[in-house]
Structure formats: C-alpha cells, structure tokens
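Residues per chain, in single letters:
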Amino acid sequence: MELAQDLFREEDIRKEKIKALKEQGKNPYADKFEITHSISEALKLEVGSKVKVAGRVMLKRVMGKFSFIKIANVFDRLQVSFSRNELDEEEYTFFKKQLDIGDFVGIEGELYLTQTGELTVRTQKFELLSKAQKPLPEKFHGLIDTEAKYRQRYLDLISNEEARKVFVGRSKLVAFIRDYLQKNGFLEVETPIIQSAVCGASAKPFLTHHNALDKDCNLRIAPETYLKQVVCGGFPKVFEVARCFRNEGMDPSHLQEFTQVEWYASFWNFEDNINFYSNFIRELTTYMLGKPEITVRGETYDLTKEFKRVNYTETLSKALGFDILEPETVDELKEKVIATNLFEEKDIQILKTKGAVIDFAYKRLVRPNIIEPTFLYNYPTCLVPLARPSDADPRTIEMFQFLINGEELCKSYSELVDPAIQRASLEEQAKAKANGDDEAMDLDEGFLLSMEHGMPPMSGLGMGIDRLLVILFEQPSIRDVVLFPIMK
C-alpha cells in the first residue's frame, strides 16, 4: 500500500512538472531530435568524438555540481555526465529538477573516459524530448507480476535484459530464416489470411463474416493449400512467414495466434527436406547462439552429430501393445486402446476419428519421452490427409517431425499431388466434420481444381517460430517469446 501511494505521489509531481513546462511555453514533447549516432554506434567511437545521441533515462545520480545519467534503448546503454563546467546554472538546474528516470533526452557532447574507464558523453547541450508521466516500477529491478509483464510488455523490455535478448533474438531469427531460404532459391510470397475454406491443418478455426461479399469466412489455420497453388503456377520453391490462427486451448506450447514459416520445393520428397532442415537448424543455432548446440533440461546437445530417428508407428504400436495400423474403423481402434487400460475410457470415447485416437495416445505415451533432437517418421495415413501415402505401405505417409524436449518444432512430408486420392481424403474429412469433428478440414474445391491441372512432386515443411524461440532461449512458455500474447 505504501509503495502504491509513493507511485501516486510521484505521478502527481510529474504531472505538475509537465503543467509548469507548458505554462512556461516549453513543450515537454518534442517533435524530433537530429542524432548523429545511435547509442550502439556511439559506444564504438574513439574518445574525443563529437556525438548527438538520444535515449530513455534509466539512471540518474546527482552529486552537487557534477552528475551522471544513463540513457538506453533495447540494444545498449550509455553513460552521460552533466557538469557546471559545461552548462550554465539555469541549464544545470533544469537538468536536476526536470529530468526524471523514464524521460527521453537528447544529448550533444564529446566522448571521454571516466576514472573507472567507462566511455561517457560530456554534455555540452541537452534537450528534454519526452516527459514520462508515470514512473517506472520501483527501483526498476524488473516486473515480478507475470500478467503485468504480458499486458505491459514495454515495461518488461525496459527492465528485463532477458526479455530484450529474446525479442531482439526473435527479430534476428526471422531475418535469418528469410535470408537462408532466399539464398537457397526460395521466393517469398503472400497468401490470404481471410479464407473461404478451412484446410491445411487439423484445427478448429476462427470464423468471421465478409460484409461486402455477404460471405462466411475463416482466418487461416495454415498457408499450405495456397502455397501449393503457387507451386502449381510455376514457382519452383516458395515460402511464407505466416501469421496463423487456431481457435483451440491455451498452454505453455500453444497460442491461438502464432507465427510459422512454411516452405515448398518442387521435385523434393520428405527425405530431401530432412537433409535441408538438418543443415538449416545447425546453421540457425550457430547464428543465434554462437555454436551448433542447444541446452535442454541442463543437458547440452551437439547438433553437428547425426540426429536420432524414431519410427512413429512402431514406437506407438509397441507402447500400446498392438499394431495401430490394423484396426480398420475408429470403433475398433477405440476398443483396442481402451483395453490397454492406459487411459480413461471417457477420454477415448469422445474422439471422433482414428487420427484423433492415435494422436491422443502418441501425445501421452511417446512425445513426452523425446528430449534430445530427434526426427520422428513413418506416420499413419489417417493423421494427415494432405500428405503422400508411402509406396511401400499406403497405410503410412512419407512424413517427419523434428522434436526437442517433447516439443514438435516442425512438420514435413512428401505432398499428395494425386487429385483423386486428395479428393477422397478431403471427402472423409468433410464427413468427420459433419459428425461433429470441429478440427476436420473442408472440401476445398479451389485447391482441388489446381491439383487437377497438375502439380509437380514436392515436399513442404511448416515450422513454428514461437516454439523454436522457446527452445533456443530456454523460456518457460510460448507467451515469453510473443510480444503481446492475448490475455483474458
């Protein structure tokens, strides 16, 4: 209570300062400041260099006629000194009384080294650029309130070095992905976010209405079907950094709004994507962390080594005690799964499809045990209606996922380009949706029409950027790598 009262008093004092400045004809909110160097650039200059820099005041220490502040942005902070030797009494008094922690200030001066060897700007002129009405959190050691951290991410960025590292890292990661793909012959394209068919993944969509067309639409759950149409049109390799939306549950690994990159390459199969992704993840990790290593639960893994491979169908069949490919109907599969006594019967009975039953069992028996970087492959066909069935066994698909610490970082498969098989699988999805499966896909006639005009063999890969950041920066939740996660 006492802390809250102090903050209110501080805010009142600042409001009075703002009012007084305006009454004196001084605007506490400048229109601009002409800098010569960013803070980061200034820190690399030689002693004696003249600079004009600007930033937020993060520390203020007044010592008679000589004082220090530190200005900062998300990248760096720089020390600035104020002295009566350089400033007249009016200017120095203005600095002492009007400049507060949290304000933005512009500084003109010369770089020198203090007795402790810290590079510092000796202020010759300064300008209040923007007055902070509210004080930063007490002593500004960082936000403790998790909800406040997510709702007021700007305060988290100002106070928390780890947060700054993560979100600067996020920007670098996306830039690396674009650069890597473009260097390997992929072209970036854009596909619709507002769509007229739910297709591309098994997920419940967000629904909306297009007033001008008087048409029900959905926000995309994945860009897959449109990217394949671009390949059909003659683009050999394409990718998109796509914002996607899935109206499902929230947990440390899932948000309803998320970012993923999907890429598609003509004439590849899933093995080509395994090789490509292996090199990609090694180079990305080296770029982001300085070496091709990641640490999970205190264990460090060398990504230069060949990745472990785990057969999905065999591993889950072994865990359940029967071959998951044998049951021909969902009821038969449910009966076998319930007979294992590994799950509550009510949890199995509510599932609508074979794929849902298999996925339920996998996420409880297999996925949590995969900690080291691993390629999981050889999935049942019923799980992904857009993937190409294996020539060796059509009950399985040519697909893999890359997992670390029980998290699925990417999904890739040889794409189904046979329009007859694709139509049949999407018709099955439509039946499942009619029977109450709200994660089933629509029968997307536009997508099927493009396939009927001929699509080349291809393989695509989808990778969640948010989950990858969680692993790279060892964060507890996906919310910690998204600037503004949705809150209740």
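Below you will find a few notes about this structure.

Glancing now at the pattern of salt bridges. Under the definition given, this model contains 31 salt bridges. Measuring nitrogen to oxygen at the nearest pair gives 2.6 Å for the salt bridge that ties D100 to K131. On the criterion of sequence distance, the pair formed by D100 in the loop between α3 (89-98) and β4 (104-113) and K131 in the loop between β5 (119-130) and α4 (146-151) is long-range, its members being 31 residues apart. Given the relative accessible area of 11%, D100 is considered buried. Among the salt bridges present, the one from K131 reaches D103, with a minimum N-O distance of 2.7 Å. You can see K131 sitting in the loop between β5 and α4 and its partner D103 sitting in the loop between α3 and β4, a full 28 residues away along the chain. As far as the burial class goes, K131 and D103 line up, both buried. Overlapping salt bridges, with partners in common, bring together K17, D100, D103 and K131 in one network.

In a pair of packed helices, the angle between the axes and the distance between the axes together describe the arrangement. It is at 9 Å that the axes of helix α10 (residues 330-339) and helix α12 (residues 354-365) come closest, and there the two elements cross at 25 degrees. It follows that α10 is roughly parallel to α12 by the angle criterion. Here α10 contributes V330, L333, K334 and V337 to the contact with α12, which in turn contributes K354, V357 and I358.

Right, let's talk about the sheet that holds β4 for a bit. Picture the strands of a sheet paired through backbone hydrogen bonds; they go either parallel or antiparallel. Taken together, five strands build a closed barrel; the order of strands is β1-β2-β3-β5-β4 and the barrel is mixed. Pairwise comparison of adjacent strand axes, ignoring direction, gives a mean angle of 55 degrees for this sheet. Of the strand pairs in this sheet, strand β3 (residues 77-83) and β5 are connected by three bridges, and their pairing is parallel. Each bridged residue has a counterpart across the sheet, and for V80 the counterpart in β5 is V121. Packed onto the sheet, α3 meets β1 (50-63), β2 (66-72), β3 and β5 and runs at close to 60 degrees relative to β1.

Residues spaced three or four apart along an α-helix point in a common direction, a consequence of the helix completing one turn every 3.6 residues. For helix α7 (residues 224-232), the set of buried residues is E224, T225, L227, K228 and V231. Mapping the buried residues of α7 onto a view down its axis gives an arc of 160 degrees, with all of them on the same face. Against the buried residues of α7 lie β10 (237-245), β11 (257-266), β17 (407-414), α14 (445-452) and β18 (458-464). Within two residues after α7, G234 carries a phi angle of roughly 115 degrees, on the positive side.

Cut-offs applied
Residues numbered from 1 in each chain as written. Predicted model: local features only at pLDDT ≥ 70, side-chain atom pairs only at ≥ 80, totals over all residues. Heavy atoms only, no water. Salt bridge = Lys/Arg side-chain N within 4 Å of Asp/Glu carboxyl O. Helix = DSSP H or I, 4+ residues; strand = E, 2+ residues; numbered from the N terminus. Buried < 20%, exposed > 50% of the residue type's maximum accessible area, 1.4 Å probe, protein only. Axes fitted to C-alpha atoms, helices over the stretch in contact; angles between N-to-C directions. Parallel < 35°, antiparallel > 145°, perpendicular 65-115°, else oblique. Contact = heavy atoms within 4.5 Å. Pairing = 2+ DSSP bridges. Arc of directions from axis to C-beta.

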